[in-house]
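What the coordinates show
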Amino acid sequence: MKNTIQNPILPGFNPDPSICRVGDDYYIATSTFEWFPGVQIHHSKDLVNWELITRPLNRASQLDMRGNPDSCGIWAPCLSYADGLFWLIYTDMKRYEGNFKDGHNYLVTAPSITGPWSDPVYLNSSGFDPSLFHDEDGRKWLINLQWDYRQREGGDRFGGILLQEYDVERQQLVGPIKNIFAGTELKLTEGSHLYRRDGWYHLLVAEGGTGYDHAVTMARSRNIEGPYEVHPQNPVLTSKHDPDCPLQRAGHADIVETPNGETFMVHLCGRPLPGTRRSPRGRETAIQRVEWGSDGWLRLADGGNTPSLEIAMPGVEFIPPAEEEIHTFATDALPMEFQWLRTPHPERIFSLTERPGYLRLFGRESVGSWFEQALVARRQDSIYCSAETVLSFEPEDIQQFAGLTAYYNRFKYHFLAVTLNDNGEKVLSVMSCADEWPSGSMTISDTGSDVGNVVLAPELPVSLGLDIREGELQFRFRQGEAEWQTIGPVLDAGLLSDEGSGRAHGYFTGNFLGMAAYDISGRGTPADFAEFRYRRLNELHR
């Protein structure tokens, strides 16, 4: 559509955006949590059309998340440009449950957005959501929230925003640590960024938690150390008062100025399934036009504080993504759309060269392992979509299984797997974990044959497919030139979301569709995938 930005600009799991501009180029960094490589960076020339160009944390010396629980890993990166370098700050969260959060903050730099990115410099572990501010006098300051393991008055453990100077030459934080902002009555103060304008230091924070009370708060001070006065119409952005707004959970923002002086705010959001509070696409990135008022405060250009689905952008045309992506694994590099879980040693879980033209997965630990799981997948970015793959796999016993999966985390997945039955026949099995926290119990659906599962012709590839229509997921299969057949029950796709069944245990990622292989005998049995197709279905196909 011409002259319009369509929100979200980064659909599918792309939360906690940090934006910077270098000349005419815009870059957004987003969180990747337990998915490797770490940090997604998208590029745009017009703020409308975005392309994923790199994931900078791509080797063991930068990031090793083996053992990180679900929804840990890379939290809230901050991307900036100064002194001829790109600066990327990030948290590697090792634990987030209970009173404690063990998160370590690091800095990497690069002369170009595509690298080479340095090995990390350790900064601190006092709290997550770190951000680096480059002041006009050349000094650099790190801010991050302070995690208070005690129960604070009012019920949260978010202890305010800490400020400390960063010494570039010594590559370490120096000087006193000061708590510059305790937050507002919205509570859960996190996601901080600093800006300087007209003699004011402007502090932007996320508050209200990353659920349906999420919000953007702004405050300012003449002194970087405060005290900070809160915006008179706070919060600057939120959806919490408008349950009908298509962009829910709006918060965790950053701002950028264009070469001609316009200002835009990027922020996370979620698009729940119709009539629900379930967001299988996870937290996404949207953008809003904002303006500095005559009183020096920033506000949405259209007034109010509710995010808009469409933003006027004269002279620019939105180019929608392709309806279908077909990946044939014909090169020795994994297509950019795909990631895997936790390990910095992908050679142990997959190969693109052992059988040219195939993605070979080596069966590893069980479904949901926090250490070495052979799962390669891409984000679900539409609630009307399908995925297909072609699998060659010869299991030797029931402990080996491979196939097509819709995977959120170890407690939320649906899996169409090829394995063996007790009769030694190759069969299809539908396995699911329907948000069974904390047990992780899996159910295996009866697919309708007299041995409990569909029996496949031996030594013949099998095509596996799935279709998602809002909150419903249906698997299907075929062999050879046969017609597609549905298999197993209609499954709950809405469970594959942050909110899941609505239990109190929270997660922060999004649903992935992909290929997986498991061999819990430890023999590493290979599974070969000839292709992967992903389709975004338009109204005619729904």
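This text gives an overview of the structure that appears in the document.

Cut-offs and rules
Residues numbered from 1 in each chain as written. Predicted model: local features only at pLDDT ≥ 70, side-chain atom pairs only at ≥ 80, totals over all residues. Heavy atoms only, no water. Helix = DSSP H or I, 4+ residues; strand = E, 2+ residues; numbered from the N terminus. Rg over C-alpha atoms; globule rule 2.2 N^0.38 Å. Buried < 20%, exposed > 50% of the residue type's maximum accessible area, 1.4 Å probe, protein only. Contact = heavy atoms within 4.5 Å. Lys, Arg positive; Asp, Glu negative; His and termini not counted. Charge placed at Lys NZ, Arg CZ, Asp CG, Glu CD. Pairing = 2+ DSSP bridges. Axes fitted to C-alpha atoms, helices over the stretch in contact; angles between N-to-C directions. Phe/Tyr/Trp six-rings, centres within 6.5 Å; stacked < 30°, edge-to-face > 60°. Salt bridge = Lys/Arg side-chain N within 4 Å of Asp/Glu carboxyl O. Disulfide = S-S within 2.5 Å. Polar contact = N/O pair within 3.5 Å; in protein donor to acceptor, adjacent residues only side chain to side chain.

For the protein chain, the helix and strand inventory stands at zero helices and 40 strands. Against the compact-globule benchmark of 24 Å for 542 residues, the protein chain has a radius of gyration of 24 Å, which places it among compact chains. For the protein chain, the spread of C-alpha atoms along the three principal axes comes to 75 × 50 × 45 Å. When the 542 residues of the protein chain are sorted by exposure, 61% land in the buried category. Look at the contacts in the protein chain between residues 6 or more apart in sequence, and 59% of them connect residues 24 or more apart. Between the averaged position of the 49 positive side-chain charges in the protein chain and that of its 74 negative side-chain charges there is a distance of 3 Å.

Turning our attention to the sheet that holds strand S14 (residues 172–181). A sheet is described by the order of its strands in space; here four strands give the open sequence S11-S12-S13-S14, paired in antiparallel fashion. Strands with a single pairing partner mark the edges of an open sheet, and in this sheet they are strand S11 (131–134) and S14. Between one strand axis and the next, the sheet turns through 30° on average, direction left out of account. Where strand S13 (residues 158–167) lies against S14, six bridges are found, and the strand directions are antiparallel. Across the sheet, residue Glu165 finds its bridge partner in S14, namely Val174.

Evaluation of the coordinates by the stated rule reveals 29 aromatic pairs. Considering the side-chain rings of Phe128 and Trp147, the 6.1 Å spacing of their centres and the 40° angle between planes classify their relative orientation as tilted. With Phe128 in the loop between strand S10 (121–124) and S11 and Trp147 in strand S12 (residues 140–147), this pair connects stretches of sequence that are 19 residues apart. Under the relative-accessibility criterion, Trp147 is labelled buried at 15%.

Further remarks concern the pattern of salt bridges. Taken as a whole, this structure holds 39 salt bridges when the rule is applied. The salt bridge partner of Arg342 is Asp70, with a shortest N-O separation of 3.0 Å. With Arg342 in the loop between strand S26 (339–341) and strand S27 (350–351) and Asp70 in the loop between strand S6 (51–54) and strand S7 (73–82), the pair connects residues that are 272 residues apart, well separated along the chain. One exposure class covers both Arg342 and Asp70, and it is buried. Linking Asp83 and Lys140 is a salt bridge whose minimum nitrogen-to-oxygen distance equals 2.8 Å. You can see Asp83 sitting in the loop between S7 and strand S8 (85–95) and its partner Lys140 sitting in strand S12, a full 57 residues away along the chain. In this structure Lys140 comes out as buried when scored by relative accessible area, which is 4%. Each member of the salt-bridge network shares a partner with another, and the members are Glu323, Glu324, Glu531, Arg533 and Arg535.

Turning our attention to the state of the cysteines. All chains considered together, the criterion is met by zero disulfides. The structure places no disulfide on Cys245, whose sulfur is separated from the nearest cysteine sulfur, that of Cys269, by 8.7 Å. With no disulfide of its own, Cys433 lies 18 Å from the sulfur of Cys72, the closest cysteine sulfur.

Let's shift gears to unusual backbone geometry. With omega at 5°, the peptide bond leading from Gly115 into Pro116 counts as cis. Mapping Pro116 onto the fold places it in the loop between strand S9 (102–110) and S10. Residue Pro227 follows Gly226 across a cis peptide bond; omega there is 5°. Of note, Pro227 is situated in the loop between strand S17 (215–221) and strand S18 (229–230). A positive phi angle is found at Ser71, which is not glycine, with a value near 65°. Here Ser71 lies in the loop between S6 and S7. Relative accessible area serves as the criterion here: at 1%, Ser71 is assigned to the buried category. Phi is positive for Asp435, which is not a glycine, with a value near 60°. For Asp435, the location among the structural elements is in the loop between strand S33 (426–434) and strand S34 (443–445).

Across the sheet, which stays open at both edges, the four strands sit in the order S2-S3-S5-S6 with antiparallel pairing between neighbours. Two strands close off the open sheet at either side, each with one partner strand: strand S2 (18–22) and S6. Between one strand and the next, the sheet's axes are offset by a mean angle of 35°, whatever the strand orientation. Here strand S3 (residues 25–30) pairs with strand S5 (residues 40–44) via five bridges, running antiparallel. Along S5, the bridge assignment pairs Tyr26 with Ser44.

With that settled, the discussion passes to the environment of Arg535. In this structure, Arg535 sits in strand S40 (residues 526–536). The exposure class of Arg535 is partly exposed, given its relative accessible area of 23%. The spacing of Arg535 and Asp129 is 406 residues in sequence and 34 Å in space, taken between C-alpha atoms. At a separation of 3.0 Å, a polar atom in the side chain of Arg535 contacts the side chain of Glu323.

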